[in-house]
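Next come the chains, spelled out residue by residue.
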Amino acid sequence: MIEIVLIRHGETDWNAEKRMQGHIDIPLNSAGLKQVTALSRALAPETFDAIFTSDLQRAVQTAQAIAKPHNLSIQQDGGLRERCFGAFEGLRPQDIAIQYPHDYMRWRAMDIDARFPEGERVAETLQEFYDRVENAVTRIVASGVYRKIAIVAHGGVLDCIYRCASGLALNVPRDFDMLNASINRLIWDGSRLQVVQWSDISHLGGSALDEVDR
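This is a predicted model, so every value here is computed, not measured.

Caption draft 1: Representation of the overall build of the chain within the structure. Helix and strand counts for the chain come out as eight helices and six strands. Order of helices (α) and strands (β) in the chain, N terminus to C terminus: β-α-α-β-α-β-α-α-α-β-α-β-β-α. For 214 residues, the compact-globule estimate of 2.2 N^0.38 gives 17 Å, and the C-alpha radius of gyration of the chain, at 17 Å, lies within 12% of that figure. Within the span of the chain, comprising 214 residues, buried residues form 51% of the whole. Once local pairs closer than 6 in sequence are excluded, the contacts in the chain between residues at least 24 apart make up 68%. Carbon and sulfur atoms form 47% of the exposed surface of the chain, whose accessible area is close to 10,000 Å².

This is the structure we're talking about:
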């Protein structure tokens, strides 16, 4: 049995502006830096065998904050990156609806095989993205080396992992949160993932963030 603490990176300016980030490498903003400091303090009493992270800097910055009290090196894994959205990246939903109306409708309909227009990079379909994330997480936990790990990733990655653990289909609307700097707990029982606790942000309460400012 392996305990997994799954964490979404702290806030970025593009999160606040509701812009699609995808593979664009956006850093944490000032609010995000405060969030990950509070997150680090909350997780400091716990013991981790390893900390894995997406190789995008918003996740790396979050993972580094978590790793510091534990004197652990972070392990970057491109399989934990956010979904690549092609030409959608950098745009807000309302911009996508105007510039790419047909593709916007397929996105909103959760078409798992839709490939959006190519931008700086070729977009992934939802199914391709899900398969990538599932393979990355399975590869990490199936090694049998760890008892407890942290995984730092992105909203889309959290969505995939929750669906994998709960059996929720990719084209079913989401009824769970994927909050910045949230703590989500799962276990791997040797064959499948199970959700233990989801979307805990108690460490981001007003008093916790006030303490960060001191």
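From this point on, the discussion continues.
Caption draft 2: Highlighting the sheet that holds strand β4 (residues 148-153). Spatially, the six strands line up as an open sheet ordered β3-β2-β4-β1-β5-β6, and their pairing is mixed. The outermost strands of the open sheet, each flanked by one partner alone, are β3 (74-76) and β6 (193-200). Neighbouring strand axes in the sheet, compared pairwise and without regard to direction, differ in orientation by 20 degrees on average. Both strand β2 (residues 50-53) and β4 contribute to a ladder of four bridges, which runs parallel. From the neighbouring strand, F52 faces β4, where its bridge partner is I151. Strands β1 (2-8), β4, β5 (183-188) and β6 of the sheet are contacted by helix α7 (residues 155-166), whose axis makes an angle of about 135 degrees with β6.

Caption draft 3: Up close: the nonpolar core. I4, F52, I149, I161, L186 and L193 are the most contacted members of the largest nonpolar core, which has 31 residues in total. Every element with two or more residues in this core is listed here: β1, β2, α6 (126-141), β4, α7, β5 and β6. Not counting chain neighbours up to four residues away, the residues in contact with I161 comprise L6, V133, V137, L186 and L193. Membership of the second largest hydrophobic core comes to 13 residues, among which are F48, I51, I66 and V152.

Caption draft 4: Representation of the layout of surface pockets in the model. Estimated volume of the largest pocket: approximately 1,200 Å³. M20, F85, W107, R174 and M178 are, among the 37 residues lining the largest pocket, the residues nearest its centre. Considering only residue class, the lining of the largest pocket consists of 15 nonpolar, nine polar and 13 charged.

Caption draft 5: Quick look at helix α5 (residues 101-108). What α5 keeps buried is the set D103, Y104 and W107. Here the buried residues of α5 occupy an arc of 105 degrees about the axis, which is enough to place them on one side. Exposed residues on α5 whose side chains face more than 90 degrees from its buried face are H102 and M105. The positive-phi residue at the C-terminal boundary of α5 is M110, with phi of around 60 degrees.

Caption draft 6: Inspection of the pattern of salt bridges at higher detail. Across all of its chains, the model carries 13 salt bridges by this definition. With a closest N to O distance of 2.7 Å, R81 and D55 form a salt bridge. With a gap of 26 residues between them, R81 in the loop between β3 and α4 (93-99) and D55 in the loop between β2 and α3 (57-67) connect regions that are remote in the sequence. The salt bridge partner of R121 is E120, with a shortest N-O separation of 3.5 Å.

Caption draft 7: Local environment of the pairing of β6. Pairing of β5 with β6 involves five bridges; the strand directions are antiparallel. Within β6, the position partnered with R185 by the bridge is Q197.

Scoring rules and cut-offs
- Residues numbered from 1 in each chain as written.
- Predicted model: local features only at pLDDT ≥ 70, side-chain atom pairs only at ≥ 80, totals over all residues.
- Heavy atoms only, no water.
- Helix = DSSP H or I, 4+ residues; strand = E, 2+ residues; numbered from the N terminus.
- Rg over C-alpha atoms; globule rule 2.2 N^0.38 Å.
- Buried < 20%, exposed > 50% of the residue type's maximum accessible area, 1.4 Å probe, protein only.
- Contact = heavy atoms within 4.5 Å.
- Areas by Shrake-Rupley, 256 points an atom, 1.4 Å probe, with all protein chains shown as cover.
- Pairing = 2+ DSSP bridges.
- Axes fitted to C-alpha atoms, helices over the stretch in contact; angles between N-to-C directions.
- Core = buried A, V, L, I, M, F, W, Y, C linked by side-chain atoms within 4.5 Å.
- 1 Å grid on protein atoms, 1.4 Å probe; cavity = no way out; pocket = protein on both sides within 12 Å on 5 of 7 lines; lining within 4 Å.
- Points joined across faces, edges and corners; volume = space filled by probe spheres on them.
- Nonpolar A, V, L, I, M, F, W, Y, C, P; charged D, E, K, R; others polar.
- Arc of directions from axis to C-beta.
- Salt bridge = Lys/Arg side-chain N within 4 Å of Asp/Glu carboxyl O.

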